[in-house]
Structure formats: structure tokens, C-alpha cells
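# Analysis of the macromolecular model
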Amino acid sequence: MEPGNGNPVSHLKTAGGALVNWWRAATLDALIVGVLWLIGLELIRVPFAPLWAILGGLLQIIPTFGGMIALIGPVLAVAFSGHDEWRLGLVLGLYGVIVILEGLVIGPYILHRTTKVPWWAAFLGPIVLGIIIPFWGVLLAPPLLAIVFAFRKQPVNGR
């Protein structure tokens, strides 16, 4: 049967495929963020940089809050390695650069390439849903967008 013709099985396949593609995008996004953390922390010479980079990549899967949680380790590592406010400022700056790159460029680009969600929707979706449904809207926006745009690109009645 053609997708989009009312068949529940085809709808489940479309939604499931969209969620798998979203998960691929989220995993690739996390990998790129982990590499960015590794490069930045190694340049700053933060103790245990590979560990913090791996945690930063893994925590990237948690929307909005994962990056903030990932920042705790490098900040504590720099704080306990001596009174070096300059390196602490560099770690905070690295976090800011990673957040901006991921939120404005990397995340929307990967989501678009993997799920065909337009850049503007990937950028604005979490903001709008975060306003409509605080907290949950931000968490649910990327997979919901993937599903919506998967159905949107399906042919309707053989067209």
C-alpha cells in the first residue's frame, strides 16, 4: 500500500523511520560535540580532557541540559588543578562556542540532512514548543519535527 493513504501500518513505518533517523542525527551530533570538547579541552590543557570530552558527547543526547551538565567536570578539573582563572574563563568560553555552534549550525544541519527537517524548523521548533509546553516542548521538539516532516514529504493518494 502507498504511504499516506490511511493505512495504520504504513503510518507506523513512517513514524518509526523518522524516529530512527532522528536518533542517527542525535548520535552524530553528540559525536561531533564530543570531538569539539576534546579538541578544545586539550588545547586549554584541562586535566582528564578525554574523559570530559566523552562525557560531553554522551550528555549531548540530553537536550538543553546535557551541555550544562557536561560543563561541570571540566570546570571542577580546572578549579582543583590550581588558581587559574584564565583557564577557567577559557573553559567557559569553549562551552559558549560549542553551544552556539551546535544550536545554530551543527544540530540543525545534521537534523536537516538526516530527517529532511528544514533548518528554520530545527532552530525554531524547540523555542516555540518550549514556550507552548515548558520543559517538555524543548525535549520533544526534535523527534516530533522529524515525524511531522516525514509525513509531510509522503505522497498523498499516489501524487
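Provided above is the structure to which this section pertains.
For clarity, every value in this text was computed on a predicted model and none was experimentally measured.

### Focus: the overall build of the protein chain
On a plain count of helices and strands, the protein chain comes out with six helices and zero strands. Scanning the protein chain from its N terminus toward the C terminus, one meets helices and strands in the order α-α-α-α-α-α. Expressed along its principal axes, the backbone C-alpha trace of the protein chain runs to roughly 65 × 30 × 20 Å. Relative to its 159 residues, the protein chain shows a buried fraction of 38%. For the protein chain, long-range pairs separated by at least 24 residues make up 61% of all intrachain contacts whose partners lie at least 6 apart in sequence. For the protein chain, the accessible area works out to roughly 9500 Å², and carbon and sulfur atoms hold 76% of it.

### Observations regarding helix 6 (residues 136–152)
Counted at 1.5 Å a residue, the expected span for helix 6 with its 17 residues is 24 Å, and the 23 Å between its end C-alpha atoms agrees. When the local axis directions of helix 6 are compared, the greatest deviation, roughly 40 degrees, occurs at proline 142. Regarding helix 6, the residues found buried are Gly137, Leu139, Ala141, Pro142, Pro143, Leu145, Ala146, Phe149 and Ala150. Among the structural elements, helix 1 (8–44), helix 4 (85–115) and helix 5 (119–132) are those in contact with the buried residues of helix 6.

### Quick word on the environment of glycine 34
With respect to the helices and strands, the residue glycine 34 is situated in helix 1. The spatial distance from the C-alpha of glycine 34 to the C-alpha of histidine 83 is 26 Å, given a sequence separation of 49 residues. Apart from residues lying up to four places away in sequence, glycine 34 is in contact with Ala53 and Gly57.

### Side note on the nonpolar core
Counting 15 residues, the largest nonpolar core has Trp37, Leu41, Val46, Val91 and Leu94 as the members making the most contacts within it. Of all the secondary structure elements, the ones that give two or more residues to this core are helix 1, helix 2 (49–59), helix 3 (66–80) and helix 4. Here tryptophan 37 is in contact with Ala53, Gly56, Leu71, Pro74, Leu94, Tyr95 and Ile98, once residues within four sequence places are set aside. Ranked by size, the runner-up nonpolar core spans nine residues in total, among them Ile110, Val117, Leu145 and Phe149.

Cut-off values and rules
- Residues numbered from 1 in each chain as written.
- Predicted model: local features only at pLDDT ≥ 70, side-chain atom pairs only at ≥ 80, totals over all residues.
- Heavy atoms only, no water.
- Helix = DSSP H or I, 4+ residues; strand = E, 2+ residues; numbered from the N terminus.
- Buried < 20%, exposed > 50% of the residue type's maximum accessible area, 1.4 Å probe, protein only.
- Contact = heavy atoms within 4.5 Å.
- Areas by Shrake-Rupley, 256 points an atom, 1.4 Å probe, with all protein chains shown as cover.
- Expected span 1.5 Å × (residues − 1).
- Bend = angle between axes of the 7 residues up to and from the residue.
- Core = buried A, V, L, I, M, F, W, Y, C linked by side-chain atoms within 4.5 Å.

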